[in-house]
Amino acid sequence: MSAYSGPHPLAAAARRAIHTSVQRPPSAGQHIQAMVSIAGEQQLQLDTHGSGNRRDWGGHIALSSDNLLIYLHDQVAARMYAAAWIDAWYIASQLPERVDTSPSTHGPVTMVQAHGSDAVDHVHDVARNVALIKIGGLTWRIHDQAAWASTEQKWREVSALAPMVLPVRRYEPSRKPPTTEYERPAGGESRGPAPTL
């Protein structure tokens, strides 16, 4: 007979694997920098799936243009992207109202999965007369006010939809894992003092 009375090592390993796979966000082995240039009025498509009240975290908002598709998986990411565009009003006001553009004939070429927050930066490149909005490794180069205004309007819609569709945070560590049968004390639970006669 074994003297070991703790949880079975295989059960403990399975429990750790279950909890860590849910608590940790996906990671990538490389860091990618991408830039998207926009000019003229943007035709953006907004699509939603699921609900922020779902326990399985299945909701998302997808925003797509001719050359970019962004999936927003939580309210933190949605608010960050929306605020980055809304807060760029001053640098966008320095751009020409419109520049000449030619029609695009291709679909999205970049897809972004957005979870949580990242660094946001706004820059007015005076030499090239463009505005830059940078969120993490993704940068938009904006050539005119029309491009900024049409895109900013869609991000306002995203910000309004996010509380109805997305969880506040997709990857949120649980406060305390539920106690399982094999973790409870062997002698049973103490429910208070024994009754007296």
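Please read all numbers here as calculations on a predicted model, not as lab measurements.

Points about the confidence of the model for the protein
Okay, so step 1: Averaged over all residues, the pLDDT of the protein is 77; the fraction at 70 or higher stands at 62%.
Okay, so step 2: Averaged pLDDT values over the elements of the protein bottom out at 55 in helix 1 (residues 9-23) and peak at 96 in helix 3 (residues 89-93).
Okay, so step 3: Note that pLDDT drops below 50 for residues 187-191; the model gives that stretch 1 contact with residues more than four away or on any other chain.

Comments concerning empty space enclosed by the protein
Okay, so step 1: Enumeration according to the criterion identifies 1 cavity of 30 Å³ or more in this entry.
Okay, so step 2: Together, 14 residues line the largest cavity, and L44, S65, L68, W140 and T151 are the ones closest to its centre.
Okay, so step 3: Where the lining of the largest cavity is concerned, the elements lending two or more residues are strand 1 (34-38), strand 3 (60-64) and helix 4 (145-165).
Okay, so step 4: Split by residue class, the lining of the largest cavity holds 9 nonpolar, 5 polar and no charged.

Here we look at helix 4
Okay, so step 1: Taking 1.5 Å as the rise per residue, helix 4 with 21 residues should run 30 Å; its terminal C-alpha atoms sit 30 Å apart, in good agreement.
Okay, so step 2: Among the residues making up helix 4, those that are buried are A146, A147, W148, S150, T151, E152, K154, W155, V158, A162 and V165.

Observations concerning the pattern of salt bridges
Opposite charge on two side chains makes pairing possible when the charged atoms of those side chains draw close.
Okay, so step 1: Following the criterion strictly, the structure yields 3 salt bridges and no others.
Okay, so step 2: Taking the shortest distance from any N to any O, the salt bridge between E157 and K154 comes out at 3.5 Å. Of this pair, E157 and K154 both sit in helix 4, separated by 3 residues, roughly a single helical turn.

Examining the sheet that holds strand 5 (residues 111-114)
Okay, so step 1: Read from one edge to the other, the open sheet built from 4 strands follows the order 2-3-4-5, with strand pairing classed as mixed. Only two strands of the sheet have a single partner each, and these edge strands are strand 2 (45-49) and strand 5. Going from strand to strand, the sheet's axes swing by 15° on average, the running direction of each strand aside.
Okay, so step 2: The sheet contact formed by strand 2 and strand 3 spans 5 bridges and is antiparallel. Across the sheet, residue L46 finds its bridge partner in strand 3, namely L63.
Okay, so step 3: On top of the sheet, helix 2 (residues 75-86) reaches strand 4 (69-72) and strand 5; it is set at about 135° to strand 4, its chief contact.

Notes on the packing of aromatic side chains
Okay, so step 1: Counting across every chain of the model gives 4 aromatic pairs.
Okay, so step 2: Summarising the aromatic geometry, the rings of W85 and W140 are spaced 5.4 Å apart at their centres and angled 75° between planes, so their arrangement reads as edge-to-face. Here W140 lies in strand 8 (residues 138-142) and W85 lies in helix 2, a separation of 55 residues in the sequence. Of the two residues examined, W85 and W140, each falls in the buried class.
Okay, so step 3: For the pair W89 and Y90, a centre-to-centre distance of 5.8 Å together with 85° between the ring planes defines the contact as edge-to-face.
Okay, so step 4: Site record: aromatic cluster; members linked through ring pairs are Y81, W85, W140 and W155.

Examining the pairing of strand 6 (residues 120-125)
Okay, so step 1: In this structure, strand 6 lies alongside strand 7 (residues 130-135), joined through 6 bridges in antiparallel fashion. Residue pairing across strands places V123 opposite L132, the latter belonging to strand 7.

Here's the deal with the side chain of Q75
Okay, so step 1: Mapped onto the elements, Q75 comes out in helix 2.
Okay, so step 2: Given the relative accessible area of 11%, Q75 is considered buried.
Okay, so step 3: Those residues within four positions of Q75 in sequence are excluded, and the remaining contacts are A162, P163, L166, P167 and V168.

Points about the pairing of strand 8
Okay, so step 1: Burial runs high along strand 8: 4 of the 5 residues are buried.
Okay, so step 2: The pairing of strand 1 with strand 8 spans 5 bridges and is parallel. Directly across from V36, in strand 8, lies its bridge partner W140.
Okay, so step 3: Judged from the 5 bridges that link them, strand 7 and strand 8 form a sheet pairing that is antiparallel. Note that in strand 8 the partner of A131 across the bridge is I142.
Okay, so step 4: Adjacent in sequence and paired antiparallel, strand 7 and strand 8 are bridged by 2 residues, among which G136 carries a positive phi angle near 60°.

Criteria and thresholds
- Residues numbered from 1 in each chain as written.
- Predicted model: local features only at pLDDT ≥ 70, side-chain atom pairs only at ≥ 80, totals over all residues.
- Heavy atoms only, no water.
- pLDDT = per-residue confidence, 0-100.
- Helix = DSSP H or I, 4+ residues; strand = E, 2+ residues; numbered from the N terminus.
- Contact = heavy atoms within 4.5 Å.
- 1 Å grid on protein atoms, 1.4 Å probe; cavity = no way out; pocket = protein on both sides within 12 Å on 5 of 7 lines; lining within 4 Å.
- Points joined across faces, edges and corners; volume = space filled by probe spheres on them.
- Nonpolar A, V, L, I, M, F, W, Y, C, P; charged D, E, K, R; others polar.
- Expected span 1.5 Å × (residues − 1).
- Buried < 20%, exposed > 50% of the residue type's maximum accessible area, 1.4 Å probe, protein only.
- Salt bridge = Lys/Arg side-chain N within 4 Å of Asp/Glu carboxyl O.
- Pairing = 2+ DSSP bridges.
- Axes fitted to C-alpha atoms, helices over the stretch in contact; angles between N-to-C directions.
- Phe/Tyr/Trp six-rings, centres within 6.5 Å; stacked < 30°, edge-to-face > 60°.

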